[in-house]
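# Summary of the model geometry
Residue strings, one per chain:
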Amino acid sequence: MKLTVIVHKAEEGGFWAEVPALPGCASQGDTPEELLRNVYEAIEAYLMTDSAPGNRVEDVEEVIVEAARSREATFRQGVRETC
């Protein structure tokens, strides 16, 4: 399974991210690094509580991080860059 994380710049400062394939899975952080840590935790927690087949932490092969505005990867921390 591949998951795409869409990163948004928060109006009040910092960042927030959503995972469209996992309804309700979102997180925030003051820095890009904090955001990535938080969103990875949110994905793991979501998948550990979701009982749908194929939605297991072990099934995640890749996490793609994209900026909401430009759809270009803006953060790279063990993720595949997209353009």
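The coordinates are above.
Below is a summary of the structure that appears in this document.

Calculation rules
Residues numbered from 1 in each chain as written. Predicted model: local features only at pLDDT ≥ 70, side-chain atom pairs only at ≥ 80, totals over all residues. Heavy atoms only, no water. Helix = DSSP H or I, 4+ residues; strand = E, 2+ residues; numbered from the N terminus. Buried < 20%, exposed > 50% of the residue type's maximum accessible area, 1.4 Å probe, protein only. Contact = heavy atoms within 4.5 Å. Areas by Shrake-Rupley, 256 points an atom, 1.4 Å probe, with all protein chains shown as cover. Core = buried A, V, L, I, M, F, W, Y, C linked by side-chain atoms within 4.5 Å.

The helix and strand tally for the chain stands at 1 helix and 4 strands. Sequence-ordered secondary structure for the chain, helices as α and strands as β, is β-β-β-α-β. Residue burial in the chain is summarised as follows: out of 83 residues, 37% are buried. If you take every contact in the chain between residues at least 6 apart in sequence, the share linking residues at least 24 apart comes to 35%. For the chain, the exposed surface amounts to about 5,300 Å²; the carbon and sulfur share of it is 47%.

Below, the discussion takes up the nonpolar core. V5, V7, V19, L22 and I43 are the most contacted members of the largest nonpolar core, which has 16 residues in total. Among the elements of the structure, strand 1 (2–9), strand 2 (15–18), helix 1 (32–49) and strand 4 (62–67) are those that each provide at least two residues to this core. With 6 residues, the top contributor of residues to this core is helix 1. Leave out the neighbours within four places in its chain, and V5 touches A17, E18, V19, V39, I43, V63, I64, V65 and E66.

Considering the arrangement of structural elements, one finds A21 in the loop between strand 2 and strand 3 (26–29). Note: C-alpha distance between A21 and T4 (17 residues apart in sequence) is 7.5 Å.

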